[in-house]
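Listed here are the chains, written in short residue letters.
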Amino acid sequence: MEQIICQNLAIGYDGRILLQDINFSVKEGEYLCIIGENGSGKSTLMRTLLHLQPSISGRIIFGDGIKSDEIGYLPQQTVIQKDFPASVREIVLSGCQNRVGMRPFYNGSEKKRANEMMEKLQILNLANRCYRELSGGQQQRVLLARALCATKKILVLDEPVSGLDPKVTEEMYRLIEKINDEDKITIIMISHDMHAAMKYASHILHIGEKVFYGTKQEYESRVMV
């Protein structure tokens, strides 16, 4: 089942087109890597998909009963965010905000979901620790657990291994692969790591002067020759 469909999409800022003629779809359980040079529009595309900024033209269609606020999102961190003075449990729980509505508290099922996600990502022992005291790899696991609290269908990840050392980077990629394989959660990830994209992704969206979308096998045979 198609969960996201982009038709003749044009993206940019203040009416200025950065990228246009974007056509692709993402089906349930796929692992899409978005690649391209710096400044090509990868993060702009991701924010547009999440309705964090408007498209200039074209259509974004959500299928499978998905709403834009039911997509788990792990953005790139800023220096200020890395120093956020909250506990791990508080940050992970905040991923349930889309369910809370006007309630001034989290209910039992939301707290249970947060505990399950912390256990899945092996950070339950850090639940009462202050987020800013953690290592970069631990912080990324916390943010991934937070994103998982927001969704059971789609995760959108913007450079999730940026700034991590090689060992922690590989651990993070394996966690994401496990979530895709075992939980059948669709992955949409921006990456500069071509090797990882070709190793883990099922599909590639390469944006730049020309836009390519297809399976990684098609990408390898048509573009990487």
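All figures in this text were calculated on a predicted structure; none of them were measured in a lab.

(A) Structural detail: the packing of aromatic side chains. The final tally for this structure, using the stated rule, is three aromatic pairs. Aromatic pair F24 and Y213: ring centres 5.8 Å apart, planes at 45 degrees, arrangement tilted. You can see F24 sitting in strand β2 (residues 16-27) and its partner Y213 sitting in strand β9 (residues 212-215), a full 189 residues away along the chain. Judged by its relative accessible area of 4%, F24 falls in the buried class.

(B) Representation of the sheet that holds strand β8 (residues 203-206). Pairing is mixed across the open sheet formed by six strands, whose spatial order is β5-β6-β7-β3-β8-β9. Two strands bound the open sheet, and with one partner strand each, they are β5 (72-74) and β9. Ignoring strand direction, the axes of neighbouring strands in this sheet form an average angle of 15 degrees. Bridge analysis of strand β6 (residues 154-158) against strand β7 (residues 186-190) gives five bridges, and the strand direction is parallel. Paired with L157 across the two strands is M189, which belongs to β7.

(C) The arrangement of the pattern of salt bridges in detail. Enumeration according to the criterion identifies seven salt bridges in this entry. Note that K153 is salt-bridged to D64, the shortest N-O span being 3.9 Å. Of this pair, K153 sits in the loop between α6 (136-149) and β6 while D64 is found in the loop between β4 (57-62) and β5, placing the two residues 89 residues apart along the sequence. Relative accessible area serves as the criterion here: at 33%, K153 is assigned to the partly exposed category. The residue E170 makes a salt bridge to K199 at a minimum N-O spacing of 3.5 Å. Pair noted here: E170 is in helix α7 (residues 166-183) and K199 is in helix α8 (residues 194-200), with a separation of 29 residues, a long-range link. E170 sits in the partly exposed class, given a relative accessible area of 23%. Via salt bridges that share partners, R141, K167 and E171 belong to a single interconnected network.

(D) Seen up close, empty space enclosed by the protein. Using the criterion set out here, one finds one cavity of 30 Å³ or more in the structure. The space that makes up the largest cavity amounts to roughly 40 Å³. Taken together, K120, L175, K178, I179, E182 and D183 make up the full set of residues lining the largest cavity. Counting residues per element, the lining of the largest cavity draws most heavily on α7, which supplies five residues.

(E) The sheet that holds β2, seen in detail. With respect to topology, three strands assemble into an open sheet ordered β2-β1-β4, the strand pairing being antiparallel. Sheet topology places β2 and β4 at the edges, where each strand pairs with a single neighbour. Ignoring strand direction, the axes of neighbouring strands in this sheet form an average angle of 15 degrees. Taken together, the eight bridges between strand β1 (residues 2-13) and β2 define a ladder with antiparallel strand orientation. Bridged to E2 within β2 is K27. The strands touched by helix α1 (residues 42-49) are β1, β2 and β4; relative to β1, the strand with the most contacts, the crossing angle is about 125 degrees.

What counts, and where the lines are drawn
The residue numbering used here restarts from 1 in each chain and proceeds along that chain's sequence as written. Since the coordinates come from a predicted model, pLDDT governs what is reported: local features require at least 70, and pairs of side-chain atoms require 80 or more to be given and counted, while whole-chain, interface and lining totals use all residues. To obtain the side-chain values, all non-hydrogen atoms of the structure were included, while hydrogens and water were left out. Stacked, tilted and edge-to-face pairs are distinguished by plane angle, under 30 degrees for stacked and over 60 for edge-to-face with tilted covering the rest, among Phe, Tyr and Trp rings (Trp via its six-membered ring) whose centres lie within 6.5 Å. By definition, any uninterrupted DSSP run of H or I lasting at least four residues is a helix, any uninterrupted run of E lasting at least two residues is a strand, and each is numbered from the N terminus. Think of it in three bands: with a 1.4 Å probe and only protein chains considered, a residue is buried below 20% of the maximum accessible area for its type, exposed above 50%, and partly exposed in between. The criterion for strand pairing is that DSSP finds at least two bridges linking the strands in question. Note on definitions: angles span 0 to 180 degrees between N-to-C directions of axes, and those axes are lines fitted to C-alpha atoms, for helices only across the stretch in contact. Each salt bridge in this description consists of a side-chain nitrogen of Lys or Arg and a carboxyl oxygen of Asp or Glu lying within 4 Å of one another. In this analysis, the protein atoms alone were mapped onto a 1 Å grid. Cavities are point sets where a 1.4 Å probe fits without being able to get out; pockets are open sets with protein on both sides within 12 Å along at least five of seven lines; lining residues have an atom within 4 Å of a point. Grid points are joined across faces, edges and corners, and a volume is the space filled by probe spheres set on the points. Any two residues whose heavy atoms approach within 4.5 Å at even a single point are treated as in contact.

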